[in-house]
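# Analysis of the macromolecular model
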Amino acid sequence: PDLSRVRPVPAQPELKSGRPYLVVYLGTMGPQEGVDLMVSAAAYLVTARKRQDVSFVFIGGGSEIPRLGAQAAREGIETFATFTGRIPDNELAAYLSTADVCVAPDPKNPDIVYGGDTYGGVYRFDARTGQRQDISPAPTVSFGTPMSQRTYRFTWTSPIVFDPLDANTLYL
């Protein structure tokens, strides 16, 4: 996206499809990105954990979109998962400003998903063990901490993506 045009905007609750929570994936949807892992994780939350309060939006282009949509239908979450394809920067800004969590599945390990929160925290989740690890670049501060006391400044919910050429590099 053009960073001069993608800036935080007021949240648009209608993007949550009537649910209180919105999880967003932003990136290419090719076979190597591991987005199928995120669809499986979404299915686990919705079906096994009975979380009917979360919508999942997958933003970006790629050859796997039809297969991922079919996977969502097969796993029974087609009403919880939306695949937008590539969208204009103003729509992207709206989704990112409305998201409660942005995620990136680890393309090298199907059990690992990375996510961030609204205060700059970044976490590594292991679906196999159920463990969560705080991997924030600086200690996470609480709401209300003055900007002058923070090491880094984050947007409301920052996108998290793996480098397409180096699966060992995670960008915030």
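Residues numbered from 1 in each chain as written. Predicted model: local features only at pLDDT ≥ 70, side-chain atom pairs only at ≥ 80, totals over all residues. Heavy atoms only, no water.

In terms of nonpolar packing, the biggest core is built from 20 residues, with Met29, Met38, Phe56, Phe58 and Ile77 touching the most fellow members. Only β1 (21-26), α1 (35-48), β2 (54-59) and α2 (65-74) provide two or more residues apiece to this core. Tallying contributions element by element places α1 first for this core, with six residues. Ignoring any residue separated from it by four or fewer positions in sequence, one finds Met38 in contact with Val23, Phe56, Phe58, Val103, Pro105 and Val113. (Core = buried A, V, L, I, M, F, W, Y, C linked by side-chain atoms within 4.5 Å. Buried < 20%, exposed > 50% of the residue type's maximum accessible area, 1.4 Å probe, protein only. Helix = DSSP H or I, 4+ residues; strand = E, 2+ residues; numbered from the N terminus. Contact = heavy atoms within 4.5 Å.)

When the terminal C-alpha atoms of α1 are compared, their 19 Å separation across 14 residues agrees well with the 20 Å that a helix rising 1.5 Å per residue should span. As for α1, its buried residues are in contact with β1, β2, α2, β3 (81-85), β4 (101-105) and β5 (112-116). (Expected span 1.5 Å × (residues − 1).)

Here we take up α2. Buried within α2 are the following residues: Ile65, Leu68, Gln71 and Ala72. Around the axis of α2, the buried residues are gathered within 120 degrees of arc, so they sit on the same side. Away from its buried face by more than 90 degrees, α2 exposes Pro66 and Arg74. Residues of α2 that are buried make contact with α1 and β3. Once α2 finishes, Gly76 follows within two positions and takes phi at roughly 80 degrees, a positive value. (Arc of directions from axis to C-beta.)

Take the packing of α1 against α2 next. Orientation of α1 relative to α2, taken along the N-to-C sense of each, is 20 degrees, at an axis distance of 10 Å. Taken together, α1 and α2 sit at an angle that is classed as roughly parallel. Crossing of α1 over α2 shows right-handed handedness. For the pair formed by α1 and α2, the contact residues are Val35, Asp36, Val39 and Ser40 on the first element and Arg67, Leu68, Gln71 and Ala72 on the second. A breakdown of the residues in the contact of α1 with α2 according to their chemical character gives four nonpolar, two polar and two charged. (Axes fitted to C-alpha atoms, helices over the stretch in contact; angles between N-to-C directions. Parallel < 35°, antiparallel > 145°, perpendicular 65-115°, else oblique. Left-handed = near helix turned anticlockwise from the far one by under 90°. Nonpolar A, V, L, I, M, F, W, Y, C, P; charged D, E, K, R; others polar.)

Functional significance is not addressed by these values, which are geometric in nature.
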